[in-house]
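Residue-level structural notes
In case you want the letters, here they are:
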Amino acid sequence: MKFAVIVFPGSNCDLDMYAAIKDILGEDAEYVQHYETSLEGFDAVLLPGGFTYGDYLRTGAIARFSNIMGEVVRFAEEGKPVFGTCNGFQILAEAGLLPGALRRNDTLKFVCKPQDLKVVNADTQFTSLYKEGEIISVPIAHGEGNYFCDAETLADLKANNQIVFTYANGNPNGSIEDIAGIINKKGNVLGMMPHPERAVEALLGSADGLRLFQSMVENYKKELNK
């Protein structure tokens, strides 16, 4: 399985993402720069965390207009897997690939720590190796992780089982309904504020994030064998 790791000016988790895929997962990965216009030959797209374009205007607001994003949108519309973590989640929201928006943490402070998450939906191509209701530990590092949407969108998310992860044992940013990660209706675009790529080895404090990427590979293999 070949993963594209998108690199924007200000990305700072691209190395973590690349290492998680290449060194730990053992799959193929390549960096794709923001100015590129093709994702030909890739099987999945990963948008890493960071501070794209200095987070000016709004987080992800400028990155959303990068050359590569038109191709990311096309990739997603074709039903191929797209995953964004932290700033990557913010970019996906700005691009309209996921509903809602990410606001400043309710404390107005940057938060960086291990965080318990509840797996709300284990029936996705990103979470099939987890158990529904399972509590996992994945680190967070953000200043604008406060997920918000209107009542109609929230009802829609619940009705379609699009809430994939929620914060457990404390909400670190004020996110509505403790939401930590959501998926699109088609089920191929996932965004979450926590960093699973930083939780792929026990040496790092947790290996709970590795199963997210392993789930993607398992789904890819199943699709190939259909």
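Preceding block: the structure.
Calculation rules
Residues numbered from 1 in each chain as written. Predicted model: local features only at pLDDT ≥ 70, side-chain atom pairs only at ≥ 80, totals over all residues. Heavy atoms only, no water. Helix = DSSP H or I, 4+ residues; strand = E, 2+ residues; numbered from the N terminus. Contact = heavy atoms within 4.5 Å. Areas by Shrake-Rupley, 256 points an atom, 1.4 Å probe, with all protein chains shown as cover. Lys, Arg positive; Asp, Glu negative; His and termini not counted. Charge placed at Lys NZ, Arg CZ, Asp CG, Glu CD. Pairing = 2+ DSSP bridges. Axes fitted to C-alpha atoms, helices over the stretch in contact; angles between N-to-C directions. Salt bridge = Lys/Arg side-chain N within 4 Å of Asp/Glu carboxyl O. Buried < 20%, exposed > 50% of the residue type's maximum accessible area, 1.4 Å probe, protein only.

Turning next to the overall build of the protein. Helix and strand counts for the protein come out as 5 helices and 11 strands. Projected onto the principal axes, the alpha-carbon positions of the protein cover approximately 40 × 40 × 35 Å. If you take every contact in the protein between residues at least 6 apart in sequence, the share linking residues at least 24 apart comes to 74%. Surface exposure of the protein reaches about 9800 Å², of which carbon and sulfur atoms provide 49%. Computed over 20 positive and 30 negative side-chain charges, the separation of the two mean positions in the protein equals 3 Å.

What follows covers the sheet that holds strand β6 (residues 111–119). If you trace the 9 strands from one edge of the open sheet to the other, you get β2-β1-β3-β4-β11-β10-β9-β6-β7, paired in mixed fashion. Single-partner strands in this sheet number two, and they are β2 (28–33) and β7 (135–142). The average undirected angle you get between the axes of adjacent strands in this sheet is 25 degrees. One ladder, built from 3 bridges, connects strand β10 (residues 179–183) with strand β11 (residues 189–192); its direction is antiparallel. Paired with isoleucine 182 across the bridge in β11 is glycine 191. Across the sheet, helix α2 (residues 67–77) is in contact with β1 (2–7), β2, β3 (44–47), β4 (82–85) and β11; its angle to β3 comes to roughly 130 degrees.

Now for the pattern of salt bridges. Under the definition given, this model contains 12 salt bridges. Between aspartate 28 and lysine 22 there is a salt bridge, and its shortest N-O distance comes to 3.3 Å. Residue aspartate 28 is classed as partly exposed on the basis of its relative accessible area, which comes to 30%. Judged by its relative accessible area of 34%, lysine 22 is partly exposed. Of the charged contacts, one joins glutamate 223 and lysine 226 as a salt bridge, the two residues approaching to 3.0 Å between their closest N and O atoms. Here the salt bridges do not stand alone but share partners, grouping Glu71, Arg74, Glu78 and Lys80 into one network.

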